[in-house]
Amino acid sequence: MASVVMVVSGANVWTMKNAKPHPTGFWSEEFVTPHRNFTEAGLKVTVASPGGVEPTVDPLSFNLSYKNDDASKVREQQDYMKRLGSALTSPMRVEDINPDQFDVIFFVGGHGPMQDMAVHPTIGTVLVAMLDNSRKVAAAVCHGPAALRTAARSDGTWA
């Protein structure tokens, strides 16, 4: 069975250019939709976050203006995440990801990755191992690609 590690931000505050904190986290739909698609396709899914902290959903991702004013979409996403239980609330530590154990690494969006994944000291090593293996897949959505900026090889080239 193919396996995917879904990396979610552990940040709940994004420090803006003016040094003011802005509530953040991962974007609900950018987690729920891929997670559902991966599991329905038969992939084994593991959720990871920096330090294994319980990830925070960006409160804006539940704003009805982002859901075509459809409150049922918000409830459905909240219910889906609640059903995941500890798979989401007690994720694997990003620092413990072994690239040999996963076929796919997927970075969930939201503004949170701009705070932590863009500067994470370990994820670049994992990304290089995944990107340099033609049998592996690295993917990201929305602000998730911020993690890719850390993918520097030991010789200084960017994967």
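Scroll up to find the structure.
One structure accompanies this document, and this report is about it.

Pairs can form between side chains of opposite charge whenever their charged atoms are close. A full pass over the atoms with the stated rule returns three salt bridges. Its salt-bridge partner being Glu 76, residue Arg 36 comes within 2.2 Å of it at the nearest N-O pair. In this pair, Arg 36 is assigned in helix α1 (residues 28–40) and Glu 76 in helix α2 (residues 71–84), connecting sequence segments 40 residues apart. We note a salt bridge from Asp 96 to Arg 93, for which the minimum N-O separation is 2.9 Å. Under the relative-accessibility criterion, Asp 96 is labelled partly exposed at 42%.

This brings us to α1. If you check α1, its first and last C-alpha atoms are 18 Å apart, about what 13 residues at 1.5 Å a residue would give, namely 18 Å. Residues of α1 that are buried include every one of Ser 28, Glu 30, Phe 31, Val 32, Pro 34, His 35 and Phe 38, and no others. Those residues of α1 that are buried lie in contact with β1 (3–7), β4 (44–49), α2, α3 (86–89) and β6 (104–107). Taken from the residues just after α1, Gly 42 is the one with a positive phi, measuring 90°.

Another aspect to go through is unusual backbone geometry. Of note, Ala 19 is a non-glycine position whose phi angle comes to about 75°, a positive value. At Cys 142, a position not held by glycine, the phi torsion is positive, near 55°. Mapped onto the secondary structure, Cys 142 falls in the segment after β7 (137–140).

Turning our eyes to something else, we now look at the sheet that holds β1. Pairing is parallel across the open sheet formed by five strands, whose spatial order is β5-β4-β1-β6-β7. At either margin of the open sheet sits one strand with a lone partner, and together these are β5 (92–93) and β7. Sheet analysis places β6 next to β7, joined by four bridges and oriented parallel. The residue of β7 that forms the bridge with Val 104 is Val 137. Sitting on the sheet, α1 is in contact with β1, β4 and β6, with an inclination near 175° to β1.

Reading the values: the criteria
Residues numbered from 1 in each chain as written. Predicted model: local features only at pLDDT ≥ 70, side-chain atom pairs only at ≥ 80, totals over all residues. Heavy atoms only, no water. Salt bridge = Lys/Arg side-chain N within 4 Å of Asp/Glu carboxyl O. Helix = DSSP H or I, 4+ residues; strand = E, 2+ residues; numbered from the N terminus. Buried < 20%, exposed > 50% of the residue type's maximum accessible area, 1.4 Å probe, protein only. Expected span 1.5 Å × (residues − 1). Contact = heavy atoms within 4.5 Å. Pairing = 2+ DSSP bridges. Axes fitted to C-alpha atoms, helices over the stretch in contact; angles between N-to-C directions.

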